[in-house]
Amino acid sequence: MPTVSVGRDLLFEAIGRIYTQEEFESLCFDFGIELDDVTTEKAIIRKEKHLEEETSEDEEVIYKIEVSANRYDLLCVEGLAQALRIFIGVDKIPTYKVVDMPKDSMLKMHVKPEISCVRPFIVCAVLRGVTFNEARYNSFIDLQDRLHQNICRKRTLVAIGTHDLDTLKGPFTYEALPPSDINFVPLKQVKSFRADELMEFYKGDLKLKKFLHIIENSPVYPVIYDSNRTVLSLPPIINGAHSAIRLETRNVLIECTATDLTKAKIVLNTMVTMFSVYCERKFEVEPVEVIYPDNKIHIYPDLSFSKFDVPLSYITNSIGAKLEPSEVIHLLNRMQLHGQLSESSDGVHHIHLSVPPTRSDILHACDVMEDVAIAYGYNKIPKTKPETFTQGRQQPLNQITDLIRLEVAMAGFSEVLTWILCSYKENFSMLNRKDDSKTAVIIGNPRSSDFEVLLGSGSMSGPGPMGRGYRDWLGTLGGSPSLPYILSLTCNR
């Protein structure tokens, strides 16, 4: 579960109300999140440096809030405050809008064919008239980092780039070039680097070196240019210094390059919906036209509501509470979901649901039911006796196995529990057996040569799957008359 650190005063200001710690803990519990810790920035630093100093009263209080892993809209103070304001009934669900503009006026991103072998997808959007201050700017950067660690899987699936649009000139191109052909000044640097030089340079960077493996062995690197051949970014490693975001930035271009298009759309939608609140025209986003080599044209972002029906009986029966349709719809609204009651031809009541782009976690009727249960309150659900009575008992096979195991152990024997994986050599050549591609499952990307194959059988030429150290131990065990004999090798499946 990700933990989001936010300033208490900043969060309360965004919510529009001041809470005591107990009141806020209760609100978090009701909403389905948890106040994990209360600390300060200086206290965090002192803890890292193992210093013991008394806390001063002027230190900013930091709330560490644990949120669901699939609630990407709660990874920043903007989304957290908005969700809580809607939950307590202060705000209504916002309506996000993509600016309706002619295609000739849209910014364009041309995707070159050679990029398909590296990071084939890109999605883009523009935030116009953004007003940053230091707190908003820091939140903007922090959200990117949290998304990179979460849904982006440390930039392997998606990498986010943000740019000061006023420093660039469209149309843009998304290309793949040999490292020696890419030359630019990276973010927070003053000298120009070739891409291959940059990879060597960042091997000493504690933050960026863990992303280098994503493209460093590729013959070509992805790169984004504007019409003046100014480098916007070298995804997924670093942005260019030329288009760096500053506090004075008013127009922001957001681009997400990806190997997974679905996750790229979610990431882009999260970025623009969270920070369009600071735009001159609130909750409005300017689209970008992405043109692929096969002349297919896609316009991003897609902020449309997804729609589906959920039977009312499924929601109420699963929760175990008798709820009126109007109450279910009210509870859904508290969780940022639009609901309307509809009746099918067979007389069954359904909730017609509209899911906003901020709620990418809503995938199934069970997600809707869970949100209704959270908004209703788990402590309010009446306790009832089960309609059917069952008595649990042990499976007969497990029961006889445990009895045999106990008796054999009491007779002085030992049972060895082996690994489920072993090396390719141990599973085939050491057993004088050929690989017919049907005997065992082979791991495509094993972490170690000791664990390459799923065990084909329990009969091994020695307990190889347990590792080399165990062989010596077993040899000693079998050669000593004072120690128990080995009765069997049991594979842990």
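Residues numbered from 1 in each chain as written. Predicted model: local features only at pLDDT ≥ 70, side-chain atom pairs only at ≥ 80, totals over all residues. Heavy atoms only, no water.

Peer 1: Would you mind showing me how to read the packing of helix α1 (residues 8-15) against helix α4 (residues 77-87) here?
Peer 2: Two quantities define a packed helix pair, namely the angle between the axes and the distance from one axis to the other. Two elements in contact, α1 and α4, have axes separated by 9 Å at closest approach and are oriented at 45°. In terms of axis orientation, α1 runs oblique to α4. Every pair of crossing elements has a handedness; the one defined by α1 and α4 is right-handed. Across from L10, L11, A14 and I15 in α1, the residues of α4 making contact are V77, L80, A81, L84 and R85. In terms of residue class, the contact of α1 with α4 is built from eight nonpolar, no polar and one charged. (Axes fitted to C-alpha atoms, helices over the stretch in contact; angles between N-to-C directions. Helix = DSSP H or I, 4+ residues; strand = E, 2+ residues; numbered from the N terminus. Parallel < 35°, antiparallel > 145°, perpendicular 65-115°, else oblique. Left-handed = near helix turned anticlockwise from the far one by under 90°. Contact = heavy atoms within 4.5 Å. Nonpolar A, V, L, I, M, F, W, Y, C, P; charged D, E, K, R; others polar.)

Peer 1: What am I meant to see in the pairing of strand β8 (residues 172-177) here?
Peer 2: The two faces of the sheet receive side chains in turn, since in a regular strand these alternate between them. Of all six residues in β8, six are buried; the element is thus mostly enclosed. Of the two faces of β8, the one carrying F172, Y174 and A176 and the one carrying T173, E175 and L177 are both buried. (Buried < 20%, exposed > 50% of the residue type's maximum accessible area, 1.4 Å probe, protein only.)

Peer 1: What should I look at first to understand unusual backbone geometry in this one?
Peer 2: Most peptide bonds are trans, and most residues other than glycine sit at a negative phi. For the bond from G170 to P171, the omega torsion is 0°, close enough to zero to count as cis. As for its placement among the helices and strands, P171 is situated in the loop between β7 (158-164) and β8. Cis geometry marks the peptide bond from Y300 to P301, where omega comes out at 5°. Checked against the element boundaries, P301 lands in the loop between β16 (297-300) and β17 (306-311). For F283, which is not a glycine, the phi torsion comes out positive at approximately 65°.

Peer 1: Looking at this model, I keep getting lost on the sheet that holds strand β1 (residues 3-7). Mind explaining?
Peer 2: Sheets are built from strands paired through backbone hydrogen bonds, the pairs being either parallel or antiparallel. Here three strands make up an open sheet; going across it, the order is β1-β3-β2 and the pairing antiparallel. Looking at strand neighbours, the two that pair on one side only are β1 and β2 (34-40), the edges of this open sheet. Averaged over all pairs of adjacent strands, the angle between strand axes in this sheet comes to 25°, irrespective of strand direction. On top of the sheet, α1 reaches β1 and β3 (61-66); it is set at about 85° to β1, its chief contact. (Pairing = 2+ DSSP bridges.)

Peer 1: It is not clear to me how helix α10 (residues 365-376) should be interpreted in this structure. Could you clarify?
Peer 2: Along an α-helix, residues three or four apart share an orientation, since each turn contains 3.6 residues. Across its twelve residues, α10 extends 17 Å between first and last C-alpha, which sits within 8% of the 16 Å expected from 1.5 Å per residue. Of all twelve residues in α10, ten are buried; the element is thus mostly enclosed. Restricting attention to buried positions, one finds in α10 the residues A365, D367, V368, M369, D371, V372, A373, I374, A375 and Y376. Contacts from the buried residues of α10 go to α2 (21-31), α4, β17, α8 (312-319), α9 (325-334) and β19 (349-355). Once α10 finishes, G377 follows within two positions and takes phi at roughly 105°, a positive value. (Expected span 1.5 Å × (residues − 1).)

Peer 1: What is the right way to read the confidence of the model for the protein from this model?
Peer 2: Overall, the prediction assigns the protein a mean pLDDT of 87, with 89% of residues at 70 or greater. Every residue in residues 483-493 scores below 50 in pLDDT, and together they form 38 contacts with partners more than four places removed in sequence or on other chains. (pLDDT = per-residue confidence, 0-100.)

Peer 1: Help me understand a nonpolar patch on the surface, please; the structure alone is not making it clear to me.
Peer 2: On the surface, L397, I400, L403 and I404 cluster together into a nonpolar patch covering about 400 Å² of accessible area. Here L397 shows up in helix α11 (residues 396-410). (Patch = residues over 30% accessible without salt bridge, like charges linked within 9 Å, V, L, I, M, F, W, Y side chains within 5 Å. Areas by Shrake-Rupley, 256 points an atom, 1.4 Å probe, with all protein chains shown as cover. Salt bridge = Lys/Arg side-chain N within 4 Å of Asp/Glu carboxyl O.)

Peer 1: Just checking my understanding: could you explain α8 for this structure?
Peer 2: Those residues of α8 that sit buried are L312, I315, T316 and I319. Mapping the buried residues of α8 onto a view down its axis gives an arc of 85°, with all of them on the same face. Residues of α8 that are buried make contact with β17, α9, β19 and α10. Just past α8, the residue G320 takes up positive phi, approximately 90°. (Arc of directions from axis to C-beta.)

Peer 1: Hey, could you run me through the pattern of salt bridges in this one?
Peer 2: A side chain with one charge can pair with a side chain of the opposite charge if their charged atoms come near. For the coordinates displayed, the defined rule picks out 18 salt bridges. Of the charged contacts in the structure, one is a salt bridge between D73 and R71, with a shortest N-O distance of 2.8 Å. Between D164 and R246 there is a salt bridge whose closest N-O contact spans 3.3 Å. With D164 in strand β7 and R246 in the loop between β13 (238-239) and β14 (252-258), this pair connects stretches of sequence that are 82 residues apart. Overall, the relative accessible area of 45% leaves R246 in the partly exposed class. One network of salt bridges, with partners in common, ties together K97, R281 and E284.

Peer 1: How do you make sense of the sheet that holds β17 when you look at a structure like this?
Peer 2: Spatially, the three strands line up as an open sheet ordered β17-β19-β18, and their pairing is antiparallel. In this open sheet, the two strands that pair with only one neighbour each are β17 and β18 (338-343). Recorded for the sheet is a direction-independent mean angle of 25° between the axes of neighbouring strands. Bridge count for β17 against β19 is six bridges, and the pairing is antiparallel. The partner of F308 across the bridge, within β19, is L353. Along the sheet face, α8 touches β17 and β19 and points at about 65° away from the line of β17.

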